[in-house]
Amino acid sequence: MRSFAYVVPDSVAGAVDALAAAEPGTKILAGGTTLYDLMKLGVEAPPAVIDIHRLAELTEISTGEGELSFGAGAKMAEVADHPVVRRDYPALSESLWRAASQQLRNMATVGGNLLQRTRCGYFRGGAEFGCNKRDPGSGCAALEGLDRTHALLGASDACIATYPGDWAVALIAFDAELDVVGPRGERTLPLGDLHVEPGDNPVLEHTLAADELILRIRVPATPAGRGSTYHKIRDRESYAFALTSAAAAVTLDAQGTVTDCRIGLGGVATRPWRATAAERSLLGEQLTMGTARHAGEVAFADARPVRTGAFRVELGIRTVTDALLTAGKQAAR
Amino acid sequence: MKTPDLGRVDAHEKVTGTASYGADRVPDDLAYAMFAVATIGKGRTVSIDTAAAEAVPGVRLVLTRFDEDELRGPGFLMGGGFAFQSLQPLLSDVVAYRGQPIALIVADTLVAATEAADLVRARYEIEPFAVGIDDEGATSVLQEEALPWFPDVKVGDAETAYAASPVQIDETYLHPAQHQVPMELISSVVQWKGDRLVVHESTQNAGALRHGVAAQLNLDPADVDVISPYIGGGFGSRNALQPHIGPLALAARRLRRPVKLVIPRRQTFHTGSFRPVSRHRIRLGADPSGRLLAALHDADHQTSRHDLYPAMYTEITSRLYAVPNFGGRQRLVQTDVQTPGFMRAPNEGPASFAFESAVDVLAYATGQDPVELRLANDTATDPVTGLPFSSRHLAQCLTRGAERFGWQKRDPRPGSMRAADGSLVGLGVAVGAHPVLVAPAVARMSAGADGRVTVGVDGHEMGQGIRSAIALLVAQDLGVPVQDVVVRVGDTRVAPQHLTAGAWGTATALPAVHKALRELRKRLGAGDTGTVEVAAAVRATGHGSPEVEVTSVGPGQPPEMLDRSRAGLFSAAGPVFPDFTAFSWAAHFVEVRIEATTRRIRVPRALCVADCGRVASPVTAASQVRGGVIWGISEALRESSEVDPRFGGFLNTTLEEYPVAVNADIAEIDFDFIDEPDLLLSEVGVKGLGELTMIGVAAAVANAVFHATGQRQNRLPIRIEDVM
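Cut-offs used in this document
- Residues numbered from 1 in each chain as written.
- Chains lettered and ligands numbered in written order.
- Predicted model: local features only at pLDDT ≥ 70, side-chain atom pairs only at ≥ 80, totals over all residues.
- Helix = DSSP H or I, 4+ residues; strand = E, 2+ residues; numbered from the N terminus.
- Rg over C-alpha atoms; globule rule 2.2 N^0.38 Å.
- Buried ≥ 20, exposed ≤ 12 C-beta atoms within 10 Å, placed from the backbone.
- Contact = placed C-beta atoms within 7 Å.
- Axes fitted to C-alpha atoms, helices over the stretch in contact; angles between N-to-C directions.
- Parallel < 35°, antiparallel > 145°, perpendicular 65-115°, else oblique.
- Left-handed = near helix turned anticlockwise from the far one by under 90°.
- Nonpolar A, V, L, I, M, F, W, Y, C, P; charged D, E, K, R; others polar.
- Core = buried A, V, L, I, M, F, W, Y, C linked by C-beta atoms within 7 Å.
- Pairing = 2+ DSSP bridges.
- Domains from an automatic or database assignment.
- Expected span 1.5 Å × (residues − 1).

## A short note on the overall build of chain B
Part 1: Check the secondary structure of chain B and you find 18 helices and 25 strands.
Part 2: In terms of C-alpha radius of gyration, chain B reaches 26 Å, essentially the compact-globule figure of 27 Å for 724 residues.
Part 3: Seen along its three principal axes, the alpha-carbon backbone of chain B occupies a region of about 75 × 75 × 50 Å.
Part 4: Residues classed as buried in chain B amount to 60% of the 724 residues present.
Part 5: Within chain B, contacts between residues separated by at least 24 positions form 82% of all contacts whose residues are at least 6 apart in sequence.

Shown next, in the form of structure tokens:
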């Protein structure tokens, strides 16, 4: 780990100023659960970090007036345990509960979590392993390596690293938006526009400018929230990243016909993945084992299996199937 | 008399954080060390550039090479030496495996040492390497030829008897490499006090550390103290001298400062031992009723290039049943890794997974109930030596366990049982055995005018509860409160501190303590039994603090074994003693549930019924069972050290990526003890428990998965993709 400057602004405006004045490569520090880890591994070596974790103005949570709003600095544990979120948007709450461990959720923020970096062993392993994301042009050791948990969707010849998060997968299903701030003022972008696929430049993971800071995450109110779940399949029951996961939300009419459907996929793609074709396949249908399974198959129609993790295509289909059926039960409650 | 149900004597210290582990010490003027490690699979260092590391403020030393006069090779534990491997890094330009230390940095702060270690740059000459046992370049030797003192077990003519058997089972099993990953990292604080070297390290083998580092540095062992009162998890990873201590001691001497090293988690996957990959071909010949006529066990077992770490799989598989013909053949496969070693149930875990899975196949092939088949093949005699077992209540473990578990409700047809939520239900059984070994021990006991009794003895407290077992024995014998008993273990200043491992710790220490109690009673003028008023008796002697010292050896062990123990050398004996063979035994029952769609495998309940002789400390014994069963579940369903053959070494070197079982993976663990003292073995009647409790769990899980799905599982860990 290298020495770095440590800046503690006393307001969001101060943080924006500090960021604008900072050396290239400066990082925002919130919970620190990913950044410190990567700094210790030598994957990140920022010249300076700007610590925003004490900024109370970033921690507000509100649940009224047609939308949910989560300050970027709110802790994962707080949002997971929020009574309105638990009742009306179980998928959001569950995606947080099923991430990391209680200790990490107590530290990590909902804004920082969106930008969690991949767990690819070659990305984290050190300079001896080729990784285009860490060291552009050095190749991708995962392509011919231990790829059991690598991406089935959205990968490129340059990078097959999986986006590791759960929260963004649930958010993307609910059309969440981000308010961000920078020297040019505030702007809003759909969460779906935050992350990018690796293409031939895996270093670029998101569309925030270097001088921008996430202020809050907003989720438009929707009745589909109540009929939702986040289903996560992993190698152990807790404290593990997803082999496959699915955020599913449905609205059913009085006849049980699906009138709204949202599906996000996690653990299988290079970014939080919205399965829009799968969603459409269910609209106007009864939700049954057969239609749910069909939606799962549509969701993975374009999957490119990795060598040692090909089973995750079928597992992903089944995960979507189970998630939709659970969401349907939630919707009917 | 049954032992009363008392808690851990050191629970309060542990819970309140006052128990001081090896690297908890922060002496004045402490310096901090860190290794830089090799980033190639094998080869030589052509040059090592340390300029940037040396330029980091606060860095005091960067060492890349020691002279062979100042640092000698430590010798391999299983080859008459002291260390987990013979290879001592920093003595030559050889890089034998990825992750081998190539430089030692010592600095004023941990941050500086860490930063400097990252800045060490080496140029290498890379050589081809092989890490997997089937990789090109891996070479193999037959163990009985290379290590004749670790012969394969052979009884009768197994090949012929197998060929003539009406029922033949032939299955091959693969067990992955695994790492011990104890919570406490490998760490030391090394300090010179004049010419005296004091090593604070959480070790299971303070004696080998003392004599090993003395031999490496050409010191008188009497001038080395090793202090290890607590261990935050050993599991075999701390059973020998580690290659960091010699360099650390030399650095401390040069700097005239105490030095601390805490090896980071990622490095521990390459700086210490691990459970090697093993492959087991099991052939069972039986008559149509399932009575065994022959068994053959061929094992391929990973070792390093520089050491032949022996396999001893057939030691238990030849003893589980009345098998008249047994053929063992163990092959050592040399690969480019650090030397593997003893990880909890090192031989017995993989061996029982393979053998007990094959026995389940035999039960199905002959239409026998798996419990009944095992009972029908029971034996009171050791089939290998013809000697009686000192005690064997395995049949009782099986019958008691079957009743307690509800085995009779099991429908034997695979895939026939379902839970209300649609999950497949499987019930599996397997047995386990662990050899009873006993080492020589020295015990010192003194009584004070305040009524307190202090006992110092060979043994190390790894969390297994040896301190509690000793305190209980003394308290019960003398009729004194347990809090008036002071126990000192893991300290070379009070006893030689032979290796505590192989589940022999309690069985070794307690007989010595028992003997010391007899002597102390004499000194106090007390009878051989009955309550002693210690304070009054001490005053009556007219001495301040009467002290006795006794020694003990295992049954039939010559007293010279004590000299070996005092020299820091391995000196445990067993399981074959002059008049009997001694094993502890267990039966494991496991229920698995497999989700109908996404196929997650869960273990809602497990039962272990153990014959470990007398239960010396009920609370810590129960804890041992829970820990062992959890280890078995983790072995069966979770843990695997992953290798990318292009790079060598291990890739999943964190607690996030190396998936040990977590709390949420564990549900009900039930247990029962036979609790019959083994009085042939010792007056105390204790056998061994710590490793036994995981032996057979993996096979019981695999057999339960078969029962649930109809698919056999011949490779661990069993994961979702194996049951899709």
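## Examining the overall build of chain A
Part 1: For chain A, the helix and strand inventory stands at 12 helices and 12 strands.
Part 2: At 20 Å, chain A has a C-alpha radius of gyration in line with the 20 Å of a compact globule built from 333 residues.
Part 3: Taking all 333 residues of chain A together, 56% fall into the buried category.

## Regarding the environment of His175(B)
All names here are of chain B.
Part 1: The residue His175 is located in strand E9 (residues 167-175) in this model.
Part 2: Sequence-wise, His175 and Val482 are 307 residues apart; in three dimensions their C-alpha atoms are separated by 44 Å.
Part 3: If we ignore the near neighbours within four places in the chain, the residues touching His175 are Val277, Ser278, Pro350, Phe353 and Leu716.

## Some points on the packing of helix H6 (residues 206-217) of chain B against helix H7 (residues 245-255) of chain B
Residue and element names in this part refer to chain B.
Part 1: At a minimum axis separation of 10 Å, H6 and H7 run at an interaxial angle of 60°. Accordingly, the angle class assigned to the pair H6 and H7 is oblique. When the axes of H6 and H7 are compared, the crossing they make is right-handed. Within the contact between the two elements, H6 uses Leu209, Val213, Gln216 and Leu217 and H7 uses Ile245, Gly246 and Ala249.
Part 2: Grouping the constituent residues of the contact of H6 with H7 by class yields 5 nonpolar, 2 polar and no charged.

## Overview of the nonpolar core
Part 1: With 231 residues, the main nonpolar core has Ile105(B), Ile470(B), Val513(B), Ala610(B) and Val701(B) as its most contacted residues.
Part 2: Considering each element in turn, this core owes the most residues, 10 residues, to helix H18 (residues 697-709) of chain B.
Part 3: For Val513(B), the contacting residues outside a window of four places in its chain are Ala443(B), Val455(B), Val457(B), Ile470(B), Leu473(B) and Val474(B).
Part 4: In terms of nonpolar packing, the next biggest core, distinct from the first, is built from 112 residues, Leu114(A), Leu153(A), Ala168(A) and Phe300(A) among them.

## Quick word on the interface of chain B and chain A
Part 1: Tallying the contact residues gives 25 residues for chain B and 25 residues for chain A.
Part 2: When the residues that make up the side of chain B that touches chain A are grouped by side-chain class, the tally is 9 nonpolar, 5 polar and 11 charged.

## Focus on the packing of helix H11 (residues 289-299) of chain A against helix H12 (residues 311-331) of chain A
All names here are of chain A.
Part 1: Where H11 meets H12, the axes come as close as 8 Å, and the angle between the chain directions of the two elements is 135°. Taken together, the axes of H11 and H12 are oblique relative to one another. Viewed along their axes, H11 and H12 form a crossing whose handedness is right-handed. Taken together, the residues of H12 that come into contact with H11 (itself represented by Met289, Ala292, Arg293, Ala295, Gly296, Glu297 and Ala299) are Ile317, Arg318, Val320, Thr321, Leu324 and Leu325.
Part 2: Its residues assigned to classes, the contact of H11 with H12 comprises 8 nonpolar, 2 polar and 3 charged.

## Digging into unusual backbone geometry
All names here are of chain B.
Part 1: Residues Gly574 and Pro575 are joined by a peptide bond in cis, for which omega reads 0°.
Part 2: Residue placement: Pro575 occurs in the loop between helix H16 (560-566) and strand E23 (583-594).
Part 3: The omega angle of the peptide bond from Leu716 to Pro717 is -10°, so this bond is cis rather than trans.
Part 4: With respect to the helices and strands, Pro717 occurs in the segment after H18.
Part 5: The phi angle at Arg256 is positive, at roughly 55°, despite the residue not being glycine.
Part 6: Here Arg256 lies in the loop between H7 and strand E13 (259-262).

## Observations regarding the sheet that holds strand E6 (residues 177-182) of chain A
Part 1: Spatially, E4-E5-E8-E6-E7 (chain A) is the arrangement adopted by the 5 strands of the open sheet, whose pairing is antiparallel. In this open sheet, the two strands that pair with only one neighbour each are strand E4 (61-62) and strand E7 (185-190) of chain A.

## Considering the domain arrangement of chain B
All names here are of chain B.
Part 1: Annotation of chain B at the domain level lists domain 1 (22-128 + 182-271), domain 2 (154-175 + 275-436 + 579-722) and domain 3 (437-566).
Part 2: Each of domain 2 and domain 3 has a C-alpha centre, and these two points are 35 Å apart.
Part 3: Those elements that place two or more of their residues in the side of domain 2 that touches domain 3 are strand E18 (424-435) and helix H17 (618-637).

## Looking at helix H13 (residues 466-478) of chain B
Residue and element names in this part refer to chain B.
Part 1: For H13, built from 13 residues, the straight-helix expectation of 18 Å at 1.5 Å per residue is met to within 8% by its first-to-last C-alpha distance of 18 Å.
Part 2: Counting buried positions along H13 yields 11 of 13 residues, so the element is predominantly enclosed.
Part 3: Ile466, Arg467, Ser468, Ala469, Ile470, Ala471, Leu472, Leu473, Val474, Asp477 and Leu478 are the residues of H13 that are buried.
Part 4: Positive phi shows up at Gly479, right after H13, with a value of about 70°.

## A look at H12(A)
Part 1: Here H12(A) is 21 residues long and its end C-alpha atoms lie 30 Å apart, about the 30 Å a rise of 1.5 Å per residue gives.
Part 2: Within H12(A), 17 of the 21 residues are buried, which leaves it mostly tucked inside the rest of the structure.

## Thoughts on the sheet that holds strand E2 (residues 27-29) of chain A
Residue and element names in this part refer to chain A.
Part 1: Here 3 strands make up an open sheet; going across it, the order is E1-E3-E2 and the pairing parallel. Strands at the two margins of the open sheet, each flanked by one partner only, are strand E1 (5-7) and E2. Strand-to-strand twist across the sheet, computed as the mean angle between neighbouring axes with direction ignored, equals 30°.
Part 2: Bridging between E2 and strand E3 (residues 48-51) involves 3 bridges; their strand directions are parallel. Directly across from Ile28, in E3, lies its bridge partner Ile50.

## Brief notes about the pairing of E23(B)
All names here are of chain B.
Part 1: Within E23, 12 of the 12 residues are buried, which leaves the element mostly enclosed by the surrounding structure.
Part 2: Here E23 shows two buried faces, one formed by Phe583, Trp585, Ala587, Phe589, Glu591 and Arg593 and the other by Ser584, Ala586, His588, Val590, Val592 and Ile594.
Part 3: Bridging between E18 and E23 involves 12 bridges; their strand directions are antiparallel. Residue pairing in the sheet places Leu427 in a bridge with Glu591 of E23.
Part 4: For E23 and strand E24 (residues 601-611), the ladder comprises 9 bridges, and the chain directions are antiparallel.

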